[in-house]
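Descriptive structure summary
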Amino acid sequence: MRATVMKSRVRARANIALIKYWGKANPDLNTPAVGSISITLEGLWSETEVEFDLRFTSDTLVLDGDSRPEQLGRVSRCLDLLRERAGVKTHARVISDNNFPTGAGLASSASGFAALSAAAADALQLDLSPRELSIVARRGSGSAARSVFGGYVEMHAGGAADGRDSFAEPLLAADAWPLEVVIAITDRGEKAVGSRAGMERSASSSPYYSAWIATSDSDLRAGRDAILEHDFDALAEIAEHSCLKMHAVAMANRPPLVYWNPATLDCMQAVKALRATGLPVFFTVDAGPQLKAICEPSVRDAVVGALRELPGVADVIVSGLGPGVEIL
Ligand code: DP6
């Protein structure tokens, strides 16, 4: 018989896509329209505790110390998948903390839903494979499917009607090519238009959306090959291309969607200038104004110095590559 109180606590890390996910094939199953490739970050994580208790009358969510009823729907839907598998209807209390700014384009939904899925599965004593966990995490947030794993990770768009082949898997271990990431925080606020709404609007209104989908496979191939060959220049070229193409698609939305601020552009210029002098560094930007510079460890201090001195940069966070979900 199951205990009446079932509880687990998990740490999952944020990830940053080098080949971007933007657009959905099936919004109900949250399957992506394109595959993606990411790196999992050692230093940015969510720690999530999930407790199932027969005495709870509803699911509750406390995120960074605040009750967040508006996000509960997504959380409960993810929990429902696991409750269904476990054959229980018990409600859960979810307490989650991020060690980085929430909702500002630093992938808090990726680490959050990966941690939630793993903690809930563990609390319910479900013996899920990492792939199954990745599928559950995807239902919460597409990018969360990637945070189940460490190092370099590829997410497959898949094509099955039930989403069973839409999961992430490891591409290369973190220590096989230990790049570092320097994040320039240019705005600490929460973003106005989340990625979910942004990508829906791209699919329905951006004239570049079909070109985005049509060129995805070749971008993925180039990204995968560059990573497997540890070819920094090739990875820099394709990652910046994928990032700028995604933003071009969103900028051509109606109404338009521009995630950058002037400091984001200053950071891009600074990274470009460093690379022009021979430093191995490139940038990427997600659905927010923060810039992520990816570099070889030997040039990290130079990258930090160059970004920190820009007037629009409020803070800089440095991280190496890290592992997948960890039960605490
Ligand atoms: C720009 O994973 O947040 O960061 O599946 O709707 O939750 P949902 O979207 P989400 O989108 C991430 C978009 C991105 C690019 C990426 O991480 O690949």
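Residues numbered from 1 in each chain as written. Predicted model: local features only at pLDDT ≥ 70, side-chain atom pairs only at ≥ 80, totals over all residues. Heavy atoms only, no water.

Strand order across the open sheet formed by four strands is 11-12-10-13, with antiparallel pairing between neighbours. Sheet topology places strand 11 (281–284) and strand 13 (315–319) at the edges, where each strand pairs with a single neighbour. Recorded for the sheet is a direction-independent mean angle of 25° between the axes of neighbouring strands. Bridge count for strand 10 (residues 180–185) against strand 13 is five bridges, and the pairing is antiparallel. Pairing of Val-182 across the sheet is with Val-318, part of strand 13. Of the strands in this sheet, strand 10, strand 11, strand 12 (291–295) and strand 13 are in contact with helix 10 (residues 300–308), which crosses strand 10 at around 10°. (Pairing = 2+ DSSP bridges. Helix = DSSP H or I, 4+ residues; strand = E, 2+ residues; numbered from the N terminus. Axes fitted to C-alpha atoms, helices over the stretch in contact; angles between N-to-C directions. Contact = heavy atoms within 4.5 Å.)

Scanning the model with the defined rule gives one cavity of 30 Å³ or more in all. Taken as a whole, the largest cavity holds about 40 Å³ of empty space. Forming the walls of the largest cavity are Ile-19, Lys-20, Val-34, Gly-35, Trp-212, Ser-216, Asp-219, Leu-220 and Ser-242. It is helix 7 (residues 216–228) that provides the largest number of residues to the lining of the largest cavity, a total of three residues. Grouping the amino acids of the lining of the largest cavity by side-chain chemistry returns four nonpolar, three polar and two charged. Formed jointly, the lining of the largest cavity draws a minimum of three residues from each of two domains, domain 1 (5–176) and domain 2 (180–320). (1 Å grid on protein atoms, 1.4 Å probe; cavity = no way out; pocket = protein on both sides within 12 Å on 5 of 7 lines; lining within 4 Å. Points joined across faces, edges and corners; volume = space filled by probe spheres on them. Nonpolar A, V, L, I, M, F, W, Y, C, P; charged D, E, K, R; others polar. Domains from an automatic or database assignment.)

Taken as a whole, the second largest pocket encloses approximately 180 Å³ of empty space. Of all the elements, helix 2 (residues 108–123) adds the most residues to the lining of the second largest pocket, at three residues. Residue classes in the lining of the second largest pocket are distributed as nine nonpolar, one polar and three charged.

Here the focus is the site of the ligand. As a structural note, the neighbourhood of the ligand is formed by 18 residues, with Tyr-21, Lys-24, Ser-141, Gly-142 and Ser-143 the closest of them. Note that an oxygen atom of the ligand is positioned 2.6 Å from one of the backbone N or O atoms of Gly-142. Between Arg-146 and the ligand, the recorded distance is 2.7 Å, taken from a side-chain N or O atom to an oxygen atom. Within the complex, the protein chains bury 94% of what would otherwise be the 460 Å² of accessible surface of the ligand. Per element, the largest residue contribution to the shell around the ligand is three residues, and it comes from helix 5 (residues 195–205). (Near = heavy atom within 4 Å. Polar contact = N/O pair within 3.5 Å; in protein donor to acceptor, adjacent residues only side chain to side chain. Areas by Shrake-Rupley, 256 points an atom, 1.4 Å probe, with all protein chains shown as cover.)

This part is about unusual backbone geometry. The omega torsion of the bond from Arg-254 to Pro-255 falls at -5°, within 30 degrees of zero and hence cis. In this structure, Pro-255 sits in the loop between helix 8 (232–251) and helix 9 (262–276). The backbone of His-230 shows a phi angle near 55°, a positive value even though the residue is not glycine. Relative to the helices and strands, His-230 is located in the loop between helix 7 and helix 8. A relative accessible area of 35% means that His-230 is categorised as partly exposed. (Buried < 20%, exposed > 50% of the residue type's maximum accessible area, 1.4 Å probe, protein only.)

Further remarks concern the pattern of salt bridges. Under the definition given, this model contains 21 salt bridges. For Arg-83, the salt bridge goes to Asp-80, with nearest N and O atoms at 2.8 Å. Of this pair, Arg-83 and Asp-80 both sit in helix 1 (residues 72–86), three residues apart, which is roughly one turn of that helix. What makes Arg-83 buried here is its relative accessible area of 5%. Taking the relative accessible area as the measure of exposure, Asp-80 reaches 38% and is therefore partly exposed. (Salt bridge = Lys/Arg side-chain N within 4 Å of Asp/Glu carboxyl O.)

Our next topic: the nonpolar core. Of all hydrophobic cores here, the largest spans 37 residues; its most connected members are Val-50, Phe-52, Leu-79, Leu-82, Leu-116 and Leu-124. Secondary-structure elements contributing two or more residues to this core are strand 1 (5–19), strand 4 (36–53), helix 1, strand 7 (92–98), helix 2, helix 3 (130–140), helix 4 (144–147) and strand 8 (152–155). Considering every element that reaches this core, the biggest residue donor is helix 2, with nine residues. Other than its neighbours up to four places away in sequence, Val-50 contacts Met-6, Lys-7, Ser-8, Leu-79, Ala-92, Arg-93, Val-94, Leu-116, Ala-119, Ala-120 and Ala-123. Counting 36 residues, the second largest nonpolar core, distinct from the first, contains Met-199, Leu-291, Val-299 and Leu-310. (Core = buried A, V, L, I, M, F, W, Y, C linked by side-chain atoms within 4.5 Å.)

Successive residues of a regular strand alternate their side chains across the two faces of the sheet. Of all 18 residues that make up strand 4, 15 are buried, and the element is covered over most of its length. As defined by bridge partners, strand 4 adjoins strand 8 across four bridges and the pair is classed as antiparallel. Residue pairing in the sheet places Ile-37 in a bridge with Glu-154 of strand 8. In this structure, strand 4 lies alongside strand 7, joined through seven bridges in antiparallel fashion. Looking at strand 7, one finds that Glu-49 is bridged to Ile-95.

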